[in-house]
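# A look at the structure
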Amino acid sequence: MLTAISMSAIATNGVVPAGGSYYMISRSLGPEFGGAVGLCFYLGTTFAGAMYILGTIEIFLTYISPSAAIVQAEGAGGEATATLHNMRIYGTCTLALMVMVVFVGVKYVNKLALVFLACVVLSILAIYAGVIKTAFDPPDIPICLLGNRTLSRRSFDVCAKVHAADNGSAATALWGLFCNGSTASTSCDPYFAQNNVTEIQGIPGVVSGALLDNLWSAYTDKGVFVEKKGVPSVPVPEESRAGGLPYVLTDIMTYFTMLVGIYFPSVTGIMAGSNRSGDLKDAQKSIPTGTILAIVTTSFIYLSCIVLFGACIEGVILRDKFGEALQGNLVIGMLAWPSPWVIVIGSFFSTCGAGLQSLTGAPRLLQAIARDGIVPFLQVFGHGKANGEPTWALLLTAVICETGILIASLDGVAPILSMFFLMCYMFVNLACALQTLLRTPNWRPRFKYYHWTLSFLGMSLCFALMFICSWYYALCAMLIAGCIYKYIEYRGAEKEWGDGIRGLSLNAARYALLHVEHGPLHTKNWRPQVLVMLNLDAEQQVKHPRLLSFTSQLKAGKGLTIVGSVLEGTFLDKHVEARRAEENIRALMGTEKAKGFCQLVVSSSLRDGMSHLIQSAGLGGMKHNTVLMAWPEAWKREDSPFSWKNFVDTVRDTTAAQQALLVAKNVDLFPQNQERFSDGYIDVWWIVHDGGLLMLLPFLLRQHKVWRRCQMRIFTVAQVHDNSIQMKKDLQTFLYHLRISAEVEVVEMVENDISAFTYERTLVMEQRSQMLKQMQLSKTEQEREAQLIHDRNTISHSAVAARTQAPSTLDKVQMTWTKEKLVAEKHRNKDASMSGFRDLFSLKPEWGNLDQSNVRRMHTAVKLNGVVLDKSQDAQLVLLNMPGPPRNRQGDENYMEFLEVLTEGLNRALLVRGSGREVVTIYS
């Protein structure tokens with residue numbers, strides 16, 4: 001009833017075409033949930049049709065015409081096998097007949113349904129009439145008891161040990177079953193010898209008081225005697241329950257949840273009407289009215305019959321599953337008035353009609369799923385006749401149904417079918433609850449008698465009932481549905497139906513965004529949230545698609561990725577090109593498996609557009625902290641749309657925004673996602689500690705399959721008078737605490753080789769991590785050292801001015817000096833060798849005073865480039881610190897030339913400029 005209320009609310013919230021429950025679930029919870037539950041419900045309905053057909057044949061062969069059996073039993077144990085063969089033969093013929101009726105058209109099914117319904121109604125009325133008749137004239141149905149044990153009447157007629165004969169008394173057939181002979185001195189079963197044989201009435205009547213005896217539960221184990229309480233019985237010692245003795249035994253162990261599982265399939269027909277929603281004249285009116293009235297009617301009949309059967313029929317008969325004590329007759333048939341044949345015929349047509357309904361509803365359900373195109377290989381079953389009849393879906397349904405009939409014994413399959421039905425009901429309730437709680441503007445059902453608590457209660461009961469009935473079958477059904485869900489998610493077509501799951505995702509995203517901190521993340525949670533700057537050609541195609549490949553390798557699907565690009569012009573003139581460019585970028589993102597968002601800006605100039613992206617990309621706390629862009633290979637050309645001026649200004653923008661910058665040199669040589677490096681190195685030239693980004697990037701890259709087999713090497717530059725051995729040991733200790741495995745190598749260079757390449761935080765060997773400083777220096781020495789650390793934003797061009805500046809904060813620029821270096825520096829300060837000091841600490845060389853030919857010959861870049869090529873020529877990827885641009889814009893071109901010289905000859909290079917904050921930590 002709770003499910004029917006939820007279904008009524010969904011059904012009256014707009015037009016419900018073919019598909020019924022599948023349509024409701026898929027449009028409320030999305031195509032994945034709808035397809036998974038819909039296919040499971042389809043299989044359940046189809047196999048249920050096979051069960052109904054087998055039930056029809058069982059009634060026919062057992063009660064209507066037992067002589068019609070084609071296969072006869074061979075031997076004592078062949079009766080069960082013969083029965084299964086007969087059911088297969090007759091079931092196949094019945095299925096073929098039903099499929100022909102359904103193929104002709106649903107209107108003929110509806111006409112037959114009226115005939116079947118009339119027979120069922122007559123049989124139900126006959127039961128009530130029989131119950132009333134037992135009040136004043138109960139039927140004479142004797143039950144034979146031995147002691148308090150019920151006996152099967154199939155092997156004897158007279159319920160007595162002996163009966164009167166011409167010359168005295170003679171042993172009955174019952175005596176022969178328990179004794180070896182007919183004389184009084186023969187050996188008999190001990191229980192038979194010590195207990196009397198009595199007869200009781202199987203249907204004592206509605207006024208007999210049997211209701212009080214049957215009111216309480218009497219659960220039993222498998223294979224125990226069906227015994228009547230209150231009848232005297234003499235117990236005997238342990239006995240072997242011989243199969244030849246005519247006792248009525250329980251065939252299964254009974255308990256509450258198992259009986260619920262048996263009863264539940266009788267109420268699974270509430271979806272029969274909704275499955276044929278496409279054939280209903282007004283589904284919004286018919287589904288709620290018909291379903292709720294059907295549940296009320298059937299529930300009343302079921303519950304009243306249960307109570308009346310308990311009031312009329314003896315308890316041992318109710319527990320006699322196969323009617324052994326009644327010589328195999330139907331106890332309800334013997335109760336009904338005027339004839340047992342009314343019940344037999346009613347049961348026959350009831351199962352036959354249920355089979356027809358399953359063969360009518362299941363193909364329409366499959367056709368609706370196929371027409372939605374969410375499962376590609378099922379699309380052929382969406383076609384049918386001109387009038388919409390699902391011909392191909394009916395054929396597949398018949399094949400699956402025939403499989404169930406050939407199995408013949410569906411006792412092992414039946415529980416999982418109940419799980420499929422329960423799962424469908426559970427998701428109908430979930431859909432209604434979700435739509436109600438989300439309060440979407442489109443949720444306006446005409447059916448007003450619903451509430452989300454009722455739907456939630458129905459969903460919880462369905463879920464609990466699945467595990468109460470059989471937890472392993474419940475897990476099996478959920479596994480099947482999960483596999484279908486993942487298949488639809490992986491292969492199915494993308495559908496946008498405004499479903500509730502999407503609405504729930506939007507609400508969850510809004511909630512999460514509101515709770516994400518706007519400030520910087522803690523170091524332990526920091527990961528590169530990348531803004532990828534793409535260049536487009538005249539046809540709005542991406543120039544460097546490998547940049548997206550590198551992004552997916554770096555991100556491995558984690559964190560935020562924003563793919564940005566700029567179109568030059570005005571939005572009114574370029575909106576069509578902008579839409580086309582965005583589609584091209586999204587397609588490339590899908591190809592390269594770069595999961596993220598696309599943001600395209602139309603601006604009057606490329607420079608302004610890129611600045612806008614760096615400032616405004618992202619939402620709330622989900623903003624980028626790293627910018628990835630390609631090196632402008634054609635920066636020397638005047639006609640290049642992405643000139644060196646734009647590049648340098650973009651570098652300045654990232655610095656001002658306190659964002660990290662990654663520049664990929666020779667990006668077209670970077671590997672695709674399909675490539676795999678079998679060996680090689682990722683070399684890190686760690687000249688400045690920039691917060692650990694240089695250390696973190698190779699670690700992230702090696703999580704991807706492309707770079708997984710590459711080893712990491714770290715090179716650091718030392719001057720001649722540095723303690724190289726101690727520096728290597730310190731760096732190894734630092735990496736150990738960072739849990740990063742890498743080879744460490746210290747490269748020595750003469751002091752004047754690197755003196756000119758001293759800019760901001762770049763190429764100063766003394767700038768190392770604060771962690772090494774804490775390992776090597778005392779507190780007093782740390783305080784002295786802090787006086788030598790210069791604020792990168794306020795440093796002047798002269799060493800004297802630099803000495804007068806306030807010390808920088810340690811979270812911005814972190815340096816580590818060895819003790820030897822500290823002593824040497826103090827000694828040099830005393831000597832007042834200002835020229836050497838200026839060379840070492842001049843963080844702002846006047847790039848503008850050097851012309852291009854001089855920059856080309858700068859021995860610093862050439863020397864360092866020579867060292868890098870010597871060590872890392874064969875490396876798969878080289879990461880280097882990237883110096884910042886000069887303050888004087890006149891030196892921008894020389895700055896570009898300097899970077900060109902620094903990376904010359906490297907196949908793949910990644911210039912890294914940190915944001916100035918720590919991104920790795922030694923703490924857990």
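First, a word on scope: everything that follows refers to the structure included in this document. None of the values given here were measured: they were computed from a predicted structure.

### Comments concerning the state of the cysteines
- Taken as a whole and assessed by the stated rule, the structure comprises two disulfides.
- Bridging Cys 144 to Cys 159, the disulfide has an S-S length of 2.0 Å. Sign of the S-S torsion, about 85 degrees for the bond between Cys 144 and Cys 159, identifies this disulfide as right-handed. Taken together, the positions of Cys 144 in strand β1 (residues 142-146) and Cys 159 in the loop between β2 (149-150) and β3 (162-165) put the pair 15 residues apart, joining distant regions of the chain. Here Cys 144 and Cys 159 have matching classes, each one buried.
- Here the bonded cysteines of the protein are numbered in sequence order, and their pairing is 1-2, 3-4.
- Here Cys 483 stays unpaired: no disulfide links it, and the sulfur of Cys 476, its closest cysteine neighbor, is 9.6 Å away.

### Some words on the environment of Thr 257
- Mapped onto the elements, Thr 257 comes out in helix α9 (residues 256-263).
- When the C-alpha positions of Thr 257 and Leu 465 are compared, they lie 8.3 Å apart, and in sequence the two are 208 residues distant.
- When near neighbours in sequence (up to four residues on either side) are disregarded, Thr 257 contacts Ile 468 and Cys 469.

### Comments concerning the packing of aromatic side chains
- Scanning the model with the defined rule gives 21 aromatic pairs in all.
- Aromatic pair Trp 175 and Phe 192: ring centres 5.8 Å apart, planes at 80 degrees, arrangement edge-to-face. On the criterion of sequence distance, the pair formed by Trp 175 in helix α6 (residues 173-178) and Phe 192 in helix α7 (residues 190-194) is long-range, its members being 17 residues apart. For the pair formed by Trp 175 and Phe 192, the shared burial category is buried.
- Ring centres of Trp 443 and Tyr 450 lie 5.9 Å apart, and the angle between their planes is 85 degrees; this geometry places the pair in the edge-to-face category.
- With relative accessibility at 11%, the residue Trp 443 sits in the buried group.
- Joined through ring pairs, the aromatic side chains of Trp 175, Phe 178, Phe 192, Phe 225 and Tyr 247 make up one cluster.
- Against the face of Tyr 247 rests Arg 149, its NZ or CZ located 5.3 Å from the ring centre.

### Points about unusual backbone geometry
- Looking along the chain, the bond that leaves Trp 337 and enters Pro 338 is cis, with omega of 15 degrees.
- Tracing the sequence through the fold places Pro 338 in the loop between α13 (331-335) and α14 (340-372).

### Comments concerning helix α1 (residues 2-11)
- With nine of ten residues buried, α1 is to be regarded as a mostly interior element.
- For α1, the set of buried residues is Thr 3, Ala 4, Ile 5, Ser 6, Met 7, Ser 8, Ala 9, Ile 10 and Ala 11.
- Close packing links the buried residues of α1 with α2 (21-29), α10 (272-275), α11 (283-312), α16 (414-438) and α17 (452-469).

### Describing a nonpolar patch on the surface
- Nonpolar side chains collect at one region of the surface, where Tyr 219, Ile 252, Met 253, Tyr 255, Phe 256, Leu 259 and Ile 262 lie side by side and expose about 650 Å² of accessible area between them.
- Here Tyr 255 shows up in the loop between α8 (210-214) and α9.
- Here Tyr 255 falls in the partly exposed class, since its relative accessible area comes to 35%.

### Some details on the nonpolar core
- Met 271, Met 423 and Tyr 425 are the most contacted members of the largest nonpolar core, which totals 68 residues.
- Top element by residues in this core is α16. It accounts for 16 residues.
- If near-sequence neighbours (up to four positions away) are discounted, Met 423 is found in contact with Val 37, Met 466, Ala 477, Met 478 and Ala 481.
- Counting 54 residues, the second largest nonpolar core, distinct from the first, contains Leu 567, Leu 693, Leu 694 and Val 706.

### Brief notes about the packing of helix α22 (residues 606-616) against helix α23 (residues 644-656)
- The contact between α22 and α23 brings their axes to 10 Å, and the two run at 20 degrees. Taken together, α22 and α23 sit at an angle that is classed as roughly parallel. Our pair here, α22 against α23, has a crossing hand that is right-handed. Counted together, Leu 606, Arg 607, Met 610, Ser 611 and Ile 614 of α22 and Asn 646, Asp 649, Thr 650, Asp 653 and Thr 654 of α23 form the full contact between these two elements.

The rules behind the values
Residues numbered from 1 in each chain as written. Predicted model: local features only at pLDDT ≥ 70, side-chain atom pairs only at ≥ 80, totals over all residues. Heavy atoms only, no water. Disulfide = S-S within 2.5 Å. Helix = DSSP H or I, 4+ residues; strand = E, 2+ residues; numbered from the N terminus. Buried < 20%, exposed > 50% of the residue type's maximum accessible area, 1.4 Å probe, protein only. Contact = heavy atoms within 4.5 Å. Phe/Tyr/Trp six-rings, centres within 6.5 Å; stacked < 30°, edge-to-face > 60°. Lys NZ or Arg CZ within 6 Å of the ring centre and 35° of its normal. Patch = residues over 30% accessible without salt bridge, like charges linked within 9 Å, V, L, I, M, F, W, Y side chains within 5 Å. Areas by Shrake-Rupley, 256 points an atom, 1.4 Å probe, with all protein chains shown as cover. Salt bridge = Lys/Arg side-chain N within 4 Å of Asp/Glu carboxyl O. Core = buried A, V, L, I, M, F, W, Y, C linked by side-chain atoms within 4.5 Å. Axes fitted to C-alpha atoms, helices over the stretch in contact; angles between N-to-C directions. Parallel < 35°, antiparallel > 145°, perpendicular 65-115°, else oblique. Left-handed = near helix turned anticlockwise from the far one by under 90°.

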